[in-house]
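# Notes for the structure review
Residue-level listing of the chains:
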Amino acid sequence: MAVFPLSPTDSPALGQALAGQSEADLPLLGQSLEALTEWMVAQGQPSYRGQQLYQWLYQQGARSLQDVTVFPKAWRQTMASVDLGRSSLHHRVVASDGTVKYLLRLRDGQIIETVGIPSAKRLTVCVSSQVGCPMACDFCATGKGGFVRNLAIHEIVDQVLTVQEDFGQRVSHIVFMGMGEPLLNATHTVAAIRCLNRDVGIGQRAMTLSTVGVPGRIRALAAEQLQVTLAVSLHASNQIQRLQLIPSAGAYPLEALLDECREYVQLTGRRVTFEYILLAGLNDQPVNAAELAQHLRGFQSHVNLIPYNPIDEADYQRPSEASIRDFVAELESRRIAVTVRYSRGLEENAACGQLRASRRPA
Ligand code: SAH
């Protein structure tokens, strides 16, 4: 049975409970066609207006009911204060490689970061799942800033719509690799995945959820039977080293994490990506590659190496290109499938690990 069974997009009441808001404040974004239709009827409108609202919310980028010009003008005016659930743009920076970082202001004033990453055939959005993050990984700027709160469903969906509208282009891929640990906000993250798939129209196979691992949650995710790719932030080739980098590893030994990942592969038939940050002189030695390969032997998986992106709060070093190549060669010689992720948006602090809640432009 699914362990994240709430489907808030199925019912306004449930959506309201999950968003922790009163009915009058209920954001419409994140809700299904059925729920929106129910809501329109409750407002005394004919039910076909539900379909119109759905279209304007998810496809036309309505930010307020006043934007929905197919609705009667007088009614729109009386409903102008209804919260659709859209964030406002606080700041936007464009890196020289075309990556765009957005600082979005939520209704309670919190700021989150979202990144739009264009490439020849794709537009990828890197979305946040929490304001801040409680995992406190030592190499990550988000973790250094502490945890504020989980994002609601509409706050996750909004990030994708925002990037789509800004680029004037459909988003093709989504990575849950922004601020936060998605499996600590699993209910909302899973509901947002379903909404982005069903209502915004993005294929689940074009989505990747990245987690550092929360005991039991990878198994629970498997039970959701999604088609998304699971990426697991391993980052070390043994428990001692992992614990130095990732405090939460204390409650979740490497072996237990790998066992749960193996179960995930069995349950879903989908392979897992293991992310491995490369920190010069620390975990980038050939012996680490050999140890990693040993763990992953016969495992239906793929290793994605992430050369460390510098942050102010830590003094790790990014390895040289030569040692990255050596690490790759070492894994390949042991027949481990491996790729290197050269993060985009580095100089604008938009790359992996560089997102933070507190950085606000003067
Ligand atoms: N909480 C999720 C998503 C985090 S961000 C997770 O831990 O997987 C996505 C990836 O960026 C993770 O693998 C994360 O460990 C990595 N990352 C964090 N800080 C980084 C840094 N300074 N340089 C490179 N990658 C980093």
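Here we summarise the structure given alongside this text. (Residues numbered from 1 in each chain as written. Predicted model: local features only at pLDDT ≥ 70, side-chain atom pairs only at ≥ 80, totals over all residues. Heavy atoms only, no water.)

## Considerations on the overall build of the protein
Along its length, the protein carries twelve helices and twelve strands. Residue burial in the protein is summarised as follows: out of 362 residues, 55% are buried. Nonlocal contacts in the protein, meaning residues at least 24 apart in sequence, comprise 65% of its contacts between residues at least 6 apart. Carbon and sulfur atoms make up 50% of the accessible area of the protein, which totals about 15,000 Å². (Helix = DSSP H or I, 4+ residues; strand = E, 2+ residues; numbered from the N terminus. Buried < 20%, exposed > 50% of the residue type's maximum accessible area, 1.4 Å probe, protein only. Contact = heavy atoms within 4.5 Å. Areas by Shrake-Rupley, 256 points an atom, 1.4 Å probe, with all protein chains shown as cover.)

## Focus on the packing of aromatic side chains
Under the counting rule described, the total for this entry stands at five aromatic pairs. Summarising the aromatic geometry, the rings of tyrosine 54 and tyrosine 58 are spaced 5.2 Å apart at their centres and angled 65 degrees between planes, so their arrangement reads as edge-to-face. Of the two residues, tyrosine 54 and tyrosine 58 both sit in helix α3 (residues 48-58), four residues apart, roughly one turn of that helix. Using a relative accessible area of 14% as the deciding quantity, one classes tyrosine 54 as buried. On the basis of relative accessible area, tyrosine 58 is assigned to the buried category, the value being 1%. Each ring, one from tyrosine 308 and one from tyrosine 316, has its centre 5.8 Å from the other, and the planes form 80 degrees; the classification is edge-to-face. On the basis of relative accessibility, which here comes to 1%, the residue tyrosine 308 falls in the buried class. Given the relative accessible area of 16%, tyrosine 316 is considered buried. (Phe/Tyr/Trp six-rings, centres within 6.5 Å; stacked < 30°, edge-to-face > 60°.)

## Quick look at the packing of helix α2 (residues 33-42) against α3
Between α2 and α3, the least distance of the axes is 8 Å, while the angle of their chain directions is 125 degrees. In terms of orientation, α2 and α3 fall into the oblique class. You can see that α2 and α3 cross each other, and the crossing is right-handed. Between α2 and α3, the residues in contact are Leu33, Leu36, Thr37, Trp39 and Met40 and Arg49, Gly50, Gln51, Leu53, Tyr54, Leu57 and Tyr58, respectively. Along the lines of polarity and charge, the residues of the contact of α2 with α3 split into eight nonpolar, three polar and one charged. (Axes fitted to C-alpha atoms, helices over the stretch in contact; angles between N-to-C directions. Parallel < 35°, antiparallel > 145°, perpendicular 65-115°, else oblique. Left-handed = near helix turned anticlockwise from the far one by under 90°. Nonpolar A, V, L, I, M, F, W, Y, C, P; charged D, E, K, R; others polar.)

## Points about the pairing of strand β7 (residues 173-176)
As a general feature of sheets, a regular strand has side chains that alternate between the two faces. Taken together, the three bridges between strand β4 (residues 123-126) and β7 define a ladder with parallel strand orientation. Pairing of cysteine 126 across the sheet is with valine 175, part of β7. The pairing of β7 with strand β8 (residues 207-211) spans three bridges and is classified as parallel. Among the inter-strand pairings, valine 175 is bridged to a residue of β8, identified as threonine 208. (Pairing = 2+ DSSP bridges.)

## As for the packing of helix α6 (residues 153-167) against helix α7 (residues 186-200)
Relative to each other, α6 and α7 sit at 40 degrees, their axes nearing to 8 Å. On the basis of the axis angle, α6 is oblique to α7. When you trace α6 past α7, the crossing you get is right-handed. Of the residues in α7, those touching α6 at Ile153, Ile156, Val157, Val160, Leu161 and Gln164 are His188, Thr189, Ala191, Ala192, Cys195, Leu196 and Val200. Here the contact of α6 with α7 is composed, by residue class, of ten nonpolar, three polar and no charged.

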